[in-house]
Amino acid sequence: MEFQLILLVLVTFKEVDVAVPDMNGDPSFSAPIANITVPVGREATMTCIVHDLVSFKVAFLRVDTQTILTIQSTVITKNHRIGITHTENRIWQLRIKDVRESDRGWYMCQINTDPMKSQVGYLDVVVPPDILDYPTSQDMIVREGYNVSLHCAAVGSPEPTITWRRERGKPLLSVGSREIFSAEGPSLIIPRVNRHHMGAYLCIASNGIPPTVSKRVMVIVNFPPTIWVRHQSFFVAIGQKITLECITESHPNSVNYWLRGKGDIVQGGSYEQLMLENVFKVVMKLVVRPVKATDFGIYKCIAKNSLGETEETITVHHKSKPVDLLAYHQPNHISTTFANTSSHFRNQDWNLQPFSHSCTTASLVSSFLLLFSLLLVTS
């Protein structure tokens, strides 16, 4: 039944030129037409091998449209992409240049015998994947803490599969202690996005037909500034140089500055700007060399952007020099003191007079140390 409609077309073909079999008998097919698969845009060749054709003729037809394409070496259709070649009247090849998806279907090779002889072959046209711009997510900006939904749409034949990955091998998601590096499907959901999710996401479409294609979707995460410091307090002497340091992250970029005391803006701080995993990072440094009392105290590093403001405090304390209690115990001082007083103590009773109120702590300690030394000598 499937070829009854084609037989109607063949009436015209046989009326044009009806061949009479010769003494060798009717021609026959030497091999079936092979089904072929061709990528779109390439050339397809349907091969029909005939034995003992003699004066009979070969024709190619499109089965689904009942269209005669060629008869012998003549192209009947007006489709300029169709051509016919043959070798020794035996190997007949239907050629279709610049194959399109619409060329997919069944093709028939027939011989105008009575009854007609024919065989069919299938042309499958495969299409490499292509990602559609409109249904696919574009670059987006989202506030930290919100959910993100990415979508990717692709076409091709066979139907492409979609894989999501991140650039530079970063994990897509973290579930507990487990990291997920790829996900299948047209949609990717990132719950409660944070700054570490910021970056490029790749939608990769493949169907086994090269080339595999991908689209890059950039996710920008905005968040208010955060600041942390390495050291929150310093003890320095007058004239000693120190470097205060604050580290801030923010997106969009923050405005950064230093305050001192009750709110005086400090001029001359240095700001080292870095990009860390797509997060804008600033290392704020301030060199301080206290020379007066007002140089000590509280310093604040401030960072602000359109989403918020934050600050951290660093305190610079004055470090006083301790009293050198061993100043009296240099070698020359000890020998001189011992020489002047040893004879006096040998001739006196061990009855020490009370110290006067004007005696200083340093002299008191020094006297005890001297007494201890004499006791060691006399013993």
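Residues numbered from 1 in each chain as written. Predicted model: local features only at pLDDT ≥ 70, side-chain atom pairs only at ≥ 80, totals over all residues. Heavy atoms only, no water.

**Brief notes about the overall build of the protein chain**
Working step 1: Tallying secondary structure elements over the protein chain gives three helices and 28 strands in all.
Working step 2: The burial tally for the protein chain puts 36% of its 379 residues in the buried class.
Working step 3: Contacts in the protein chain between residues at least 24 apart in sequence constitute 62% of all its contacts with a sequence separation of at least 6.
Working step 4: For the protein chain, the exposed area adds up to about 22,700 Å²; of that, 55% sits on carbon and sulfur atoms. (Helix = DSSP H or I, 4+ residues; strand = E, 2+ residues; numbered from the N terminus. Buried < 20%, exposed > 50% of the residue type's maximum accessible area, 1.4 Å probe, protein only. Contact = heavy atoms within 4.5 Å. Areas by Shrake-Rupley, 256 points an atom, 1.4 Å probe, with all protein chains shown as cover.)

**Brief notes about the packing of aromatic side chains**
Aromatic rings in a pair are described by how distant their centres are and how their planes are angled relative to each other.
Working step 1: In this structure the tally under the stated criterion is one aromatic pair.
Working step 2: Centre to centre, the rings of Trp106 and Tyr122 are 5.1 Å apart; their planes meet at 65 degrees, and the pair counts as edge-to-face. Here Trp106, found in strand E9 (residues 105-111), pairs with Tyr122, found in strand E10 (residues 117-131); they are 16 residues apart in sequence, far enough to count as distant.
Working step 3: For Tyr122, a relative accessible area of 25% corresponds to the partly exposed category.
Working step 4: Positioned above the aromatic ring of Phe223, the side-chain terminus of Arg195 is 3.8 Å from the ring centre. (Phe/Tyr/Trp six-rings, centres within 6.5 Å; stacked < 30°, edge-to-face > 60°. Lys NZ or Arg CZ within 6 Å of the ring centre and 35° of its normal.)

**Some words on the pairing of strand E8 (residues 91-96)**
Working step 1: Going residue by residue along E8, you find Trp92, Leu94 and Ile96 tucked away on one face and Ile91, Gln93 and Arg95 left uncovered on the opposite face.
Working step 2: Across six bridges, the pairing between strand E3 (residues 44-51) and E8 is antiparallel. Paired with Thr45 across the bridge in E8 is Arg95.
Working step 3: In terms of strand pairing, strand E7 (residues 82-87) meets E8 through six bridges, oriented antiparallel. From the neighbouring strand, Thr87 faces E8, where its bridge partner is Ile91.
Working step 4: Connecting the antiparallel pair E7 and E8 is a turn made up of three residues, with Glu88 showing a positive phi of about 55 degrees. (Pairing = 2+ DSSP bridges.)

**Considerations on the state of the cysteines**
Working definition of a disulfide: a covalent bond connecting the sulfur atoms of two cysteines.
Working step 1: Inspection of every chain in the model, using the stated rule, returns three disulfides.
Working step 2: Each sulfur of the disulfide joining Cys152 and Cys203 lies 1.6 Å from the other. Because the torsion about its S-S bond is -50 degrees, the bridge between Cys152 and Cys203 counts as left-handed. Of this pair, Cys152 sits in the loop between strand E12 (148-151) and strand E13 (154-157) while Cys203 sits in strand E19 (residues 199-206), and the two are 51 residues apart along the sequence. The same class applies to Cys152 and to Cys203, which are both buried. (Disulfide = S-S within 2.5 Å.)

So, to be careful, I would describe these as geometric facts and stop short of saying anything about function.
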